[in-house]
Amino acid sequence: MALMAKARVERVGRGATGACIALVALLVVTLVAMVAGRGIATFTADGIDLGSFLTGTTWNPHQEDASGMPTVGALPMIAGSFSVTLLSTLFALPIAFGSAIFVVEVAPRFGRRVFQPLLELLVGIPSVVYGLIGLTIIVAWVRDAAAAMGQTITGFGIFSSAVVLAIMVLPTITSLSIDALAAVPHEYREGSYALGCTRWQTIWNVVLKSAAPSLMTAVILGMTRAFGEALAVQMVIGNAIQMPSGLFTPASTLTSVLTMGMGNEAMGTVYNDVLWSLALLLLAMSLVFIVIIHLIGHKGAAKHG
Amino acid sequence: MANFDMSAHVRRINRQDRIATGVLVSIAAFVMLMLAAIVTYILVAGAPKLFDLNFLTGKPQQFKEGGGIGPELFNSFYLLVLTLLISVPLSLGAAIFLSQYAPDNAITAVAKTAIETLSSLPSVVVGLFGFLFFVLYMGWGFSIIAGAVALTMFNIPILVRVIQQALEDVPRSQRDAGLAMGLTRWETTIHVLLPAAMPAIVTGVVLSAGRVFGEAAALIFTAGQSAPVLDFTCLDFSSPSCPWNVFRPAETLAVHIWKINSEGVVPDLTAISNGTAAVLMVCILAFNILARVIGKYLERRLTSE
Amino acid sequence: MSRENESVGACALQVGDSRSDGGTLLSTRDLTVCYGSNEALHPTSLDFAAGQVTALIGPSGCGKSTFLRCLNLMNREIPKCKIGGEALYHGRNINTRKENLFELRKSIGMVFQQPTPFRKSIRDNILFAPKRHGLVSGKEDCDALVEQSLRAGALWDEVRDKLDESAYTLSGGQQQRLCIARTLAMHPDVVLFDEPCSALDPISTFTVEETIRSIAESGICAIIVTHNMEQATRVSDNTAFFYVGDMVETGPTKRLFSQPEDKRLQDYLTGRFG
C-alpha cells in the first residue's frame, strides 16, 4: 500500500472533520433562517401587527377582528409558557440544590456510585412517559385533592404541568449543580473548617457562594429545557387557549399550541404563518437563554480574573 | 458569661448543622424514592402487556380493542439505527475537528456557537424545521429518513460534547508523543486517542441512543404519526409496506403513546399506552445498563491486557 | 545491547574532552520563543554534535525545556507560541513555514518526562510509527526492527517473551526504555530527552542513563534536559546552563562543573537556588 504524504493525510483529515462541523453549522444557520423567514412572514406578508401579536389576549385565528385581521394575540401562550417554566423551576430548585449538596458534600462515594447513575436514568426517561404519568397520576391527584376540598376541577392546568416539568428538569439542574459544587477548590472548604466552621456553615457561606455563577447557569439550562418541552406539557395542561386565570384552570403554552396546530393547517394560510411566528418566538427565547448563560460566564470569569 | 454564650453558640450551630444534614439526606432520599416510584409504576402498570406477544408483534388498531405495537417497535429501532449511522460519524468528525484542529478564530467560534444553539433548541423546533426543510422543501414527505435527520440534529450536540470530552480526557502527552514521532494529528487521533477514548465514547453513544429512542416531539412532524402495516417479505423498496423503505412514514413507540392519548379514540387507551410506556422503559433501562456494561468491559480490556 | 559494566563516568570524560570533533548536526542561531508577548527564551545559540550527549540544566522555568521543544518544532503545537531565529539541522534552517514537520520529527526523536507508551502491545508500540512512515513492511522486517530497537533501548532481554502484551504491563522504567526504543526504531540521528528520569526510581534512572550513553556512542546526537546536576555529570559530554530564559554558560561538562565562570552558575552549583 502506497502511503500518502503526511502533509496530505493531514489536509484530508482536517478537511473531512472540518466538513462535518461545517455541515452542522450550516444546518443550524438554515434552521434559524428558515424558521425566522416563516415566522416573520406573518408580519411582513400578512400584515399582522407585531405589537398586537405579542400583547393580544385573544387567540382566534379563524375570526377577524375590527380591522379585518385574524385575532391572533399570543399572550395567553407566552404567559402560559413563562408560568409553567418559572413554577417548575421553583419546585425543582430546592430539591435539585439539596441533592447536589448531598452528593458533593455529604456522601460523595454514594453519590458517584448510585445517585448520579440514577439521575442519568431519570434524564433518559422519555418525555411522553412523563406526560403519561402526569396524565394518569398527577392530574388525577390534583383533581381528587380539589374534590376533597369541595372544588370541582379537571386537574389539567399550569400546576400539573409545572409538577411534571419539575420532575423533568430536576436531573438537568441537579447534575449541573453537582459539577458546579465539585468544581469549588477543596482548599476553600479546608480553610473554612480550619476556622472551626461546621459543615453547614462551610456549605452555606463558602461553597454555595463561590459556585453561585455556575449554579445560576444550571438553573437557566433547566429553564431552557422546561420552556422548550412540548409533549409532556401538552398532555397535561388542558390546551385551552385563554389567558391563564389560575394555576388549576386549563391553559396552553407556545409548544403545546404548536404540536396541536401545525398538523391541521395548510401551509401558507395566515393561521399557519402565525404558528411559525410562535415557533420563532420559541427559538428566540432559547437564544435569549444562551445569551444569559454567556453573560453569567463572562461575569464569573471577570470576577475571578 | 462570655463562656456560657460561646457554648450556647456552639450548641446552636451544631444543631443547625445536624438539621441541615438531615434535610439534605431526606431530599436525596425523596429523589431516589420518586425515581423508583416512577420506574416501578410504569413497569407494573404496563406489565400485563409487556409479556403479551400479540401486543408486541401485533398491528395497532384505530377503533377497536386489542391493538399491538409491532410496527412501532420495529420503527423505533430502525429509526434509531439510521440516526446513529448518520449522527455518530458526523459528531465524531465535528468533535475531532474541535479538539484537534480548530484554529482559534472566528469561524471556530461560529461553529461552537452553532452547536451550543442546537443543544438548547427545543426539540419541537428541530422537528418543525425538519418538517419545513426535509418533509416539504426536499419533498421527502413524512418519512423515516426525514425523522432520522431530525433526530440527528437533536443528537449531534449531545454526541459532540461527549466525544470531545472523551478525546480531551486522554492525557495530552499521548498526543504529543504521536506528533513527536512525525505522525499527523489525524493518525495520532485515529490510532492513539480514539482507542484510548473508546470506552467513554461508546458509553456516551449508547446513553444518547436511549434519548433518541424516547424522543417524540422531533418526530411527529417528520417521521409522521402513521404506521403502515409492514410486510417483512416485501423487498420492493418503494412500497410503503416494505419495512426497510426509508421514504415511508413511521410512527415510533414514543409518538404512539402521545398520539393515542391526544386522539383518545381507542377503547383500551390506558392499557395500550401503559403497555407501550413499559416497553419503552424496558428499552431505556436496557440502554442504560448496556452503556455501563460495555463501557466497563472496554475499559477493562484496555487497561488489563 | 548487553549491559556492560563499563564506567559511565570515564566514558563521559573521554568523549567530553574531544568536544570539537567537527560533527555538528544541529545548531541554533539566536533562537527565541515567545508565548504571546512574553519572551520565554532569549536569543540562544548552541551547537550539538553527533555522538555526544549534551545536558541542558538550570532551575525550573528557566527555558531549557522550551528550548528543547524548538529543536523538533514541538512548540509549534502550542497555540500562540512563536519561535524566532534559526535552528540549523544538517546546515539547513528548519524554522521555516515550508519545513516538513513529519520528516523532521522522524529524524529528530523525542522522549518525554512521563513515559508515554500507547495503549497497544509492546510490538505495536515499536512498529506503529515506522509503519505509518512506510519504513517497514513484511513480518520479517518488522520482527527484525522490533528486536533491533528493543536491544538498542536495553529492553530486549526483559520483554522478548511478551512482545504481544500491553505496554502498560511494564514498570515505569521499562516503559520509558520502550519509549526510547520506539524513538530509535525510526533511525533518528538526534534524540531529545525532556527530563526522562524525573518520574523514575534510582535503579531505573541508572538504566535509562546507561541507555542514553550507549545510543550516543552509536553516533546519535543526544540532548537531555535535566534538573539533576549529578545526572548531567554522569551522562553528558557538554552542558549548557539556562537561567530565566537566558543561556548563561556552555562548555564541556567537566569544565563547567569544576570551573564555572558565571556567578549565576556558581550560585546554582553551590545550591544557593534551585
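The model shown is predicted, which means the values in this text are computed figures rather than measured ones. (Residues numbered from 1 in each chain as written. Chains lettered and ligands numbered in written order. Predicted model: local features only at pLDDT ≥ 70, side-chain atom pairs only at ≥ 80, totals over all residues. Heavy atoms only, no water.)

1. Here's the deal with the overall build of chain A
Argument step 1. The secondary structure content of chain A amounts to 11 helices and two strands.
Argument step 2. Its helices and strands taken in sequence order, chain A reads α-α-β-β-α-α-α-α-α-α-α-α-α from the N to the C terminus.
Argument step 3. Taken across its 305 residues, chain A has 51% of its residues classed as buried.
Argument step 4. In chain A, 70% of the contacts between residues at least 6 apart in sequence involve partners at least 24 apart.
Argument step 5. As presented, chain A carries roughly 13000 Å² of accessible surface, and 67% of it is formed by carbon and sulfur atoms. (Helix = DSSP H or I, 4+ residues; strand = E, 2+ residues; numbered from the N terminus. Buried < 20%, exposed > 50% of the residue type's maximum accessible area, 1.4 Å probe, protein only. Contact = heavy atoms within 4.5 Å. Areas by Shrake-Rupley, 256 points an atom, 1.4 Å probe, with all protein chains shown as cover.)

2. Description of the overall build of chain B
Argument step 1. When you go through chain B residue by residue, the secondary structure sums to 10 helices and zero strands.
Argument step 2. Taken from N to C terminus, the helices and strands of chain B fall in the order α-α-α-α-α-α-α-α-α-α.
Argument step 3. A globule of 305 residues ought to have a C-alpha radius of gyration of about 19 Å, yet chain B, at 25 Å, is considerably larger.
Argument step 4. Scored against the burial criterion, the 305 residues of chain B give a buried share of 57%.
Argument step 5. Counting only contacts in chain B whose residues sit at least 6 apart along the sequence, the fraction spanning at least 24 positions is 75%.
Argument step 6. When the accessible area of chain B is evaluated, it comes to approximately 12700 Å², of which 66% is carbon and sulfur surface. (Rg over C-alpha atoms; globule rule 2.2 N^0.38 Å.)

3. Regarding the pairing of strand 6 (residues 108-111) of chain C
All names here are of chain C.
Argument step 1. In strand 6, alternate side chains face the same way, and those of Ile108 and Met110 on one face and Gly109 and Val111 on the other are all buried.
Argument step 2. Pairing geometry for strand 6 and strand 7 (residues 190-194), over four bridges, is parallel. Its bridge partner being in strand 7, Val111 is matched across the sheet by Phe193. (Pairing = 2+ DSSP bridges.)

4. Focus on the interface of chain B and chain A
Argument step 1. The interface is formed by 76 residues belonging to chain B together with 71 residues belonging to chain A.
Argument step 2. Summing both partners gives a buried area of about 6700 Å² for chain B against chain A, and 83% of it is carried by carbon and sulfur.
Argument step 3. Per-residue buried area on chain B facing chain A is highest for Leu24, Leu132 and Trp258 of chain B; these three make up 10% of the total on that side.
Argument step 4. Between the two partners, chain B and chain A, sit two salt bridges.
Argument step 5. Inspection of the chain B/chain A interface yields 11 residue pairs in polar contact (both at pLDDT 80 or more).
Argument step 6. Secondary structure elements with two or more residues in the side of chain B that touches chain A: helix 1 (2-50), helix 3 (70-101), helix 4 (106-120), helix 5 (123-137), helix 6 (144-169), helix 8 (185-214), helix 9 (253-263) and helix 10 (269-304) of chain B. (Buried area = accessible area lost by both parts, 1.4 Å probe. Salt bridge = Lys/Arg side-chain N within 4 Å of Asp/Glu carboxyl O. Polar contact = N/O pair within 3.5 Å; in protein donor to acceptor, adjacent residues only side chain to side chain.)

5. Notes on the nonpolar core
A general tendency of soluble globular proteins is for nonpolar side chains to be buried together.
Argument step 1. Leu278 of chain A together with Leu56 and Ile223 of chain C are the most contacted members of the largest nonpolar core, which totals 226 residues.
Argument step 2. In this view, Ile223 of chain C contacts Leu26, Phe48, Thr54, Leu56, Leu68, Leu71, Val190, Val191, Leu192 and Phe193 of chain C; residues no more than four positions away in its chain are not counted.
Argument step 3. In this structure, Phe193, Ile215, Val248 and Tyr268 of chain C belong to the second largest nonpolar core, which totals 24 residues. (Core = buried A, V, L, I, M, F, W, Y, C linked by side-chain atoms within 4.5 Å.)

6. Let's talk about the pairing of strand 10 (residues 246-252) of chain C
All names here are of chain C.
Argument step 1. Relative to strand 10, strand 9 (residues 238-243) runs antiparallel, the two sharing six bridges. Its bridge partner being in strand 10, Tyr243 is matched across the sheet by Asp246.
Argument step 2. In sequence, strand 9 turns back onto strand 10 through a hairpin of two residues, with Val244 there showing a positive phi of about 40°.

7. What to know about the sheet that holds strand 7 of chain C
Residues and elements named next belong to chain C.
Argument step 1. Within the open sheet, the six strands sit side by side as 6-7-8-3-9-10. Their pairing is mixed. Of all strands in the sheet, those with a lone pairing partner are strand 6 and strand 10, marking the two edges. Shown here is a sheet whose adjacent strand axes are inclined to one another by a mean of 15°, direction ignored.
Argument step 2. As paired elements, strand 3 (residues 53-57) and strand 9 share four bridges and run parallel to each other. What sits directly across from Leu56, in strand 9, is Ala240. (Axes fitted to C-alpha atoms, helices over the stretch in contact; angles between N-to-C directions.)

8. Side note on the environment of Pro250 of chain A
All names here are of chain A.
Argument step 1. Tracing the backbone shows Pro250 in the loop between helix 9 (231-236) and helix 10 (254-261).
Argument step 2. On the basis of relative accessible area, Pro250 is assigned to the partly exposed category, the value being 23%.
Argument step 3. Discounting chain neighbours no more than four positions away, the residues touching Pro250 are Thr154, Phe156, Gly157, Ile237, Gly238, Ala240 and Gln242.

9. Description of the interface of chain A and chain C
Argument step 1. Of the residues lining the interface, four residues belong to chain A; the matching set on chain C comes to five residues.
Argument step 2. Buried surface at the junction of chain A and chain C, summed over both partners, amounts to about 400 Å²; 74% is from carbon and sulfur atoms.
Argument step 3. At the surface where chain A touches chain C, the tally comes to zero salt bridges.
Argument step 4. The class makeup of the residues in the side of chain A that touches chain C is two nonpolar, no polar and two charged. (Nonpolar A, V, L, I, M, F, W, Y, C, P; charged D, E, K, R; others polar.)

10. So, a positive patch on the surface
Argument step 1. A surface patch of positive charge is lined by Arg109, Arg112 and Arg113 of chain A together with Lys296 and Arg300 of chain B.
Argument step 2. When contributions to the positive patch are tallied by element, the ones reaching two or more residues are helix 4 (108-124) of chain A together with helix 10 of chain B.
Argument step 3. Considering each element in turn, the positive patch owes the most residues, three residues, to helix 4 of chain A.
Argument step 4. Structurally, Arg113 of chain A can be placed in helix 4. (Patch = residues over 30% accessible without salt bridge, like charges linked within 9 Å, V, L, I, M, F, W, Y side chains within 5 Å. Lys, Arg positive; Asp, Glu negative; His and termini not counted. Charge placed at Lys NZ, Arg CZ, Asp CG, Glu CD.)

11. Remarks on the packing of aromatic side chains
Argument step 1. In the structure shown here, the tally under the stated rule is 28 aromatic pairs over all chains.
Argument step 2. Relative to Tyr101 of chain B, the ring of Phe97 of chain B has its centre 6.3 Å away and its plane inclined at 35°; by these criteria the two rings are tilted. Of the two residues, Phe97 of chain B and Tyr101 of chain B are both situated in helix 3; the distance of four residues between them amounts to about one turn of the helix. For the pair shown, Phe97 of chain B and Tyr101 of chain B are each scored as buried.
Argument step 3. A cation over an aromatic ring shows up here: Arg119 of chain C above the ring of Tyr168 of chain C, its NZ or CZ 4.5 Å from the ring centre. (Phe/Tyr/Trp six-rings, centres within 6.5 Å; stacked < 30°, edge-to-face > 60°. Lys NZ or Arg CZ within 6 Å of the ring centre and 35° of its normal.)

12. Focus on the pattern of salt bridges
All names here are of chain C.
Argument step 1. Under the defined criterion, the tally for this structure stands at 23 salt bridges over all chains.
Argument step 2. With a shortest N-O distance of 3.0 Å, Arg123 and Asp143 are connected by a salt bridge. One end of the pair, Arg123, is in helix 4 (residues 122-132); the other, Asp143, is in helix 5 (residues 139-152), and 20 residues separate them in sequence.
Argument step 3. Among the residues examined, Asp143 registers a relative accessible area of 29% and is labelled partly exposed.
Argument step 4. Residues Asp143 and Lys139 are paired through a salt bridge, measuring 2.8 Å at the closest nitrogen-oxygen approach. Of this pair, Asp143 and Lys139 both sit in helix 5, four residues apart, which is roughly one turn of that helix.
Argument step 5. Look at the salt bridges and you will find they share partners, linking Arg123, Lys139, Asp143 and Asp164 into a network.

13. As for the sheet that holds strand 1 (residues 24-35) of chain C
All names here are of chain C.
Argument step 1. Across the sheet, which stays open at both edges, the four strands sit in the order 2-1-4-5 with antiparallel pairing between neighbours. For this open sheet the edge positions go to strand 2 (38-49) and strand 5 (92-93), each flanked by a neighbour on one side alone.
Argument step 2. Pairing between strand 1 and strand 2: eight bridges, direction antiparallel. Of the residues in strand 2, the one forming a bridge with Ser27 is Asp47.

14. Examining the environment of Thr276 of chain B
Residue and element names in this part refer to chain B.
Argument step 1. Examined against the element boundaries, Thr276 turns out to sit in helix 10.
Argument step 2. Remark: the alpha-carbon pair of Thr276 and Ala254, spanning 22 residues in sequence, is separated by 8.0 Å.
Argument step 3. The residues touching Thr276, leaving out its near neighbours within four places in the chain, are Phe55, Ile69, Leu253, His256 and Ile257.

15. Describing the packing of helix 1 (residues 6-44) of chain A against helix 8 of chain B
Helix-helix packing is characterised by the crossing angle of the two axes and by the distance between the axes.
Argument step 1. The N-to-C vectors of helix 1 of chain A and helix 8 of chain B enclose an angle of 70°; their axes lie 7 Å apart at closest approach. Taken together, the axes of helix 1 of chain A and helix 8 of chain B are roughly perpendicular relative to one another. Contact residues: helix 1 of chain A offers Lys6, Val9, Glu10, Gly13 and Thr17 of chain A, while helix 8 of chain B offers Arg185, Trp186 and Glu187 of chain B. (Parallel < 35°, antiparallel > 145°, perpendicular 65-115°, else oblique.)

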